[in-house]
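# Geometric and topological summary
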Amino acid sequence: MIKFAIYGKGGIGKSTLSSNLSAAFAANGLRVMQIGCDPKADSTSLHRPKEKMTTVLDLVRSGKPFTLEDMVKESSSGVLCVEAGGPIPGLGCAGRGIINALESLEAKGAYEKYQPDVVIYDVLGDVVCGGFTMPMRKGYADKVYIVTSGEKMSIYAAANIAMAVENFKKRDYAKLGGIILNCRGVEDEESRAAELAADFDTSVIATIPRDKIFADAEAEGGTIVELYPDSEVAKILRKAAEDIYSSFND
């Protein structure tokens, strides 16, 4: 089983990327679990567009007994979907949802029952403290991939996340797997991403072009990999999935 986390600032395309990677892995016959670690609870919406997921934090907050099947829902393509959820707006800590989700999945034996080949944690990365670092900790993700564009605030957030990974090295937490550039069409975008990668002794493992196809797929309620499998963007996304998978065997 390979386990990795996708981090990046809000709105940078983490969930879209995570969902397309999940679809690419699933298309290759792998059992995939995607765990949304964002309070908005929309990470898996492209897999289950017609049904809103009940979050783990909502289940915990209800005070009623709940089962593994209440937390984990399977998409039509076979992706196992989980949403951590977040607090009532203005109350509580958003990171608490991540902690509850990961602890509840373990306690109820999710990994033993479903035996996923790939686990993807989709994590909001504007804040790199408390519960938001939970997927980096030992026993969860083995690698962290950071999504960024060439925009200043995106690069800034990515650097903060990379520093958090660096600071956890001595604790045997997740390692930095690389940078994924999600292009926004700004000047010198690729060189800025390459400079960021060099600063943290890593590389840009994939460059995702800016393309209307993302909006088209979202409007249709699905992933590019499934809806437009012959597109150039789908080929790039499948290659990214292959490279991530093979990196765990290096």
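Above this text sits the structure in question.
Summarised in this report is the structure supplied together with it. Chains are numbered independently. Their residues run from 1 in the order of the written sequence. The predicted nature of this model means local features are confined to residues of pLDDT at least 70 and side-chain atom pairs, given and counted, to a pLDDT of 80 or more, with totals for whole chains, interfaces and linings taken over all residues. As a convention, hydrogens and water are excluded, and side-chain values are obtained from all of the structure's heavy atoms.

### Some details on the overall build of the protein chain
- Helix and strand assignments come from DSSP, with helices taken as H or I runs of at least 4 residues and strands as E runs of at least 2, each series counted from the N terminus. For the protein chain, the helix and strand inventory stands at 10 helices and eight strands.
- Throughout, radius of gyration means the C-alpha value; the globule benchmark is 2.2 Å times the number of residues raised to the power 0.38. Taken over C-alpha atoms, the radius of gyration comes to 17 Å for the protein chain, in line with the 18 Å a tight globule of 250 residues would show.
- Sorting the 250 residues of the protein chain into buried and exposed places 53% on the buried side.
- Contacts are assigned to residue pairs that have any heavy atoms within 4.5 Å of one another. Put simply, of all contacts in the protein chain between residues at least 6 apart along the chain, 76% involve residues at least 24 apart.
- For the protein chain, the accessible surface area stands at approximately 11500 Å², while carbon and sulfur atoms represent 50% of it.
- Note on charges: Lys and Arg go in the positive column, Asp and Glu in the negative column, and His and the chain ends are not counted at all. All charge positions are set by atom: Lys at NZ, Arg at CZ, Asp at CG, Glu at CD. Of the side-chain charges in the protein chain, 29 are positive and 35 negative, and the distance between the mean point of each set is 5 Å. Between buried and exposed lies partly exposed: a residue is buried under 20% and exposed over 50% of the maximum accessible area for its type, with that area taken using a 1.4 Å probe on protein chains only. All accessible areas in this document rest on Shrake-Rupley with a 1.4 Å probe, and a residue is counted as covered only by the protein chains that are shown.

### What about the nonpolar core?
- Residues enter a nonpolar core if they are buried and are Ala, Val, Leu, Ile, Met, Phe, Trp, Tyr or Cys, with the set joined through side-chain atoms within 4.5 Å. Met33, Ile35, Val72, Leu105 and Tyr121 are the most contacted members of the largest nonpolar core, which has 45 residues in total.
- Looking at which element gives the most residues to this core, the answer is helix H6 (residues 152-167), with seven residues.
- Once you skip the residues sitting within four places of it in the chain, Tyr121 turns out to touch Lys3, Phe4, Ala5, Ile6, Ile35, Cys37, Leu102, Tyr111, Pro135, Tyr140 and Ala141.
- Counting 32 residues, the second-largest nonpolar core is a separate cluster that includes Phe4, Tyr145, Val225 and Val233.

### What about the packing of aromatic side chains?
- Between rings of Phe, Tyr and Trp, where Trp is taken as its six-membered ring, a pair exists when centres lie within 6.5 Å; planes separated by under 30 degrees are stacked, by over 60 edge-to-face, and by other angles tilted. Across all of its chains, the model carries five aromatic pairs by this definition.
- Ring geometry for Phe25 against Tyr245: centres 6.3 Å apart, planes inclined by 55°, an arrangement best described as tilted. Pair noted here: Phe25 is in helix H1 (residues 14-27) and Tyr245 is in helix H10 (residues 232-247), with a separation of 220 residues, a long-range link.
- A relative accessible area of 2% means that Phe25 is categorised as buried.
- Through a chain of ring-to-ring contacts, three or more aromatic side chains come together here, namely Phe4, Phe25, Tyr145, Tyr245 and Phe248.
- Lysine and arginine charges are scored as sitting over a ring when NZ or CZ, respectively, is within 6 Å of the ring centre and within 35 degrees of the ring normal. A cation over a ring is seen here: Lys108 above Phe66, with NZ or CZ 4.7 Å from the ring centre.
- Above the ring of Phe248, the side-chain terminus of Lys143 is found at 4.7 Å from the ring centroid.

### Some details on the sheet that holds strand S7 (residues 175-182)
- The rule for pairing is simple: two strands pair if DSSP sees at least two bridges between them. Judged by pairing direction, the sheet is mixed, and its eight strands sit side by side in the order S3-S4-S2-S5-S1-S6-S7-S8 without closing on themselves. Each having just a single partner strand, strand S3 (73-74) and strand S8 (204-208) make up the two edges of the open sheet.
- Pairing of strand S2 (residues 32-37) with strand S5 (residues 118-124), which is carried by six bridges, proceeds in the parallel orientation. Bridge pairing links Met33 to Val119 in S5.

### With respect to the packing of H6 against helix H7 (residues 189-199)
- The geometry of H6 relative to H7 is characterised by a closest axis approach of 11 Å and an angle of 15° between their N-to-C directions. Between H6 and H7, the interaxial angle falls into the category roughly parallel. Of the two possible hands of crossing, H6 and H7 adopt the one that is right-handed. Side by side, H6 and H7 meet where Ile155, Ala158 and Ala159 of the first sit next to Arg192, Ala193 and Leu196 of the second. Lines fitted to C-alpha atoms define the axes here, with helix axes fitted over just the stretch in contact, and angles between the N-to-C directions of these axes take values from 0 to 180 degrees. Between 65 and 115 degrees an angle is taken as roughly perpendicular, under 35 as roughly parallel, over 145 as roughly antiparallel, and anywhere else as oblique. Working rule for handedness: look at the near helix, and if it is turned counterclockwise from the far one by less than a right angle, call the crossing left-handed; if clockwise, right-handed.

### Details of unusual backbone geometry
- Positive phi outside glycine occurs at Asp172, with the angle close to 65°.
- Residue position: Asp172 is located in the loop between H6 and S7.
- The partly exposed category is assigned to Asp172, whose relative accessible area is 48%.
- We note that Asp201 has phi near 55°; this positive angle belongs to a residue other than glycine.
- Residue placement: Asp201 occurs in the loop between H7 and S8.
- On the basis of relative accessibility, which here comes to 74%, the residue Asp201 falls in the exposed class.

### With respect to the pairing of S2
- Most of S2 sits inside the fold, with six of its six residues counted as buried.
- Burial of S2 is two-sided: the residues Val32, Gln34 and Gly36 facing one way and the residues Met33, Ile35 and Cys37 facing the other way are all buried.
- Pairing analysis gives four bridges linking S2 to strand S4 (residues 80-83), with the strands arranged parallel. Bridging across to S4, Gly36 finds its partner in Glu83.

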